[in-house]
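Commentary on secondary and tertiary structure
If you want the building blocks of each chain, they are given just below.
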Amino acid sequence: MIYIQLLLSMFKIGILSFGGGYVAIPLIQKEIVELNGWITLTEFTDIITIAEMTPGPIAINAATFVGIRIAGIPGALIATFGCALPSCIIVIILAKIYYKYRHLNTMQNILAGLRPAVIAMIASSGVTIALMALFKNGITINYISAGIFIIGIFLLRKYKLNPLYIMFGAGAVGIILYSLFPI
């Protein structure tokens, strides 16, 4: 029964995740954490962090990690399949429509109207993850996380460093600082 629920939940996430993996984050959170209660918000944040660091689309990675957490290897396979299947179907249909009508102004207007909604969904996910990372228990600021965040933003914006270097550096600094000053 869990496999069917997992497949349907990930299928729903896959079919509603217009705009890419970052848009799927609030959908995954609502479905997995809030509606089904399969994992906690803290576990969800950890899964999203790992999914962001691993190669591949974030929604697929998150689905795989959620699936393995809930139902082991079979759960990972089912969740990944459920999340990817709608995209395959939708892309085939939209590609046919786009190539047929791509020169029409209406098509360009539709795409221009979707962009702000996608930005809002990405910003919502970012705010949720930032609040989880920067505050202990939603109230007290986590100074170590805040410092790593500020330095990471600075290095990304000022020196245009590769985000992988920032992630590995932040992980190394986190290991050291959280070992010295446990939360």
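Report follows, based on the coordinates. Along each chain, residue indices are assigned from 1 in the same order as the chain's sequence is written. Reporting of local features is limited, given that this is a predicted model, to residues whose pLDDT is at least 70; pairs of side-chain atoms are given and counted only at 80 or more, and all residues count toward the totals for whole chains, interfaces and linings. Note that water and hydrogens are dropped before the side-chain values are worked out from all heavy atoms of the structure.

**Description of the pattern of salt bridges**
Rule in force here: Think of a salt bridge as a Lys or Arg side-chain nitrogen and an Asp or Glu carboxyl oxygen that are within 4 Å of each other. Think of it this way: any DSSP run of H or I at least four residues long counts as a helix, any run of E at least two long counts as a strand, and we number them from the N terminus.
Summed over the entire model, instances satisfying the criterion amount to three salt bridges. Where K12 meets E31, a salt bridge forms, and the shortest distance between an N and an O atom there is 3.0 Å. Within this pair, whereas K12 is found in helix α1 (residues 2-16), its partner E31 is found in helix α2 (residues 21-35), the two being separated by 19 residues in sequence.

**A word on the nonpolar core**
Rules: Nonpolar cores are built from buried Ala, Val, Leu, Ile, Met, Phe, Trp, Tyr and Cys residues. Side-chain atoms within 4.5 Å join them into one set. Buried residues are those whose accessible area, probed at 1.4 Å on protein chains only, stays under 20% of the maximum for their type, while exposed residues exceed 50% and partly exposed ones sit between those limits.
Counting residues in each nonpolar core, the largest one holds 21 residues, and the members touching the most others are M10, I28, I32, I39 and F44. Elements with a minimum of two residues in this core: α1, α2, α3 (41-53) and α4 (58-101). The leading source of residues in this core is α4, at seven residues.

**What about the packing of aromatic side chains?**
Which entries qualify depends on this criterion: When the centres of two rings from Phe, Tyr and Trp lie within 6.5 Å, Trp using its six-membered ring, the rings pair. Their planes under 30 degrees apart give stacked, over 60 give edge-to-face, and anything left gives tilted.
Tallied over the entire structure, the rule returns two aromatic pairs. Centre to centre, the rings of Y98 and Y99 are 5.8 Å apart; their planes meet at 70°, and the pair counts as edge-to-face. For Y99, a relative accessible area of 57% corresponds to the exposed category.

**Here's the deal with a nonpolar patch on the surface**
Note the following rule: Like charges within 9 Å and nonpolar side chains (Val, Leu, Ile, Met, Phe, Trp, Tyr) within 5 Å are joined into patches, using only residues over 30% in relative accessible area that form no salt bridge. Surface accessibility in these figures is a Shrake-Rupley result with a 1.4 Å probe; residues are shielded only by whichever protein chains are displayed.
The grouping of F18, I89, I93, L94, I97, Y101 and L104 at the surface amounts to a nonpolar patch, some 640 Å² of accessible area in total. On the basis of relative accessibility, which here comes to 46%, the residue L104 falls in the partly exposed class.

**A short note on unusual backbone geometry**
Positioned with a positive phi, K160 is a non-glycine residue whose angle comes to about 50°. Mapped onto the secondary structure, K160 falls in the loop between α6 (143-159) and α7 (163-180).

**Observations concerning helix α5 (residues 105-134)**
The line we're drawing: Expected span of a helix: the number of residues minus one, times 1.5 Å.
Look at α5: 44 Å from first C-alpha to last across 30 residues, which is about the 44 Å you get at 1.5 Å a residue. Regarding α5, the residues found buried are M107, S125 and L134.

**A short note on the environment of L177**
By the secondary structure assignment, L177 is in helix α7. A residue is classified by how much of its surface remains accessible, and L177, at 27% relative accessible area, is partly exposed. Expressed as a C-alpha distance, the spacing of L177 and T128, which sit 49 residues apart in the sequence, is 23 Å.

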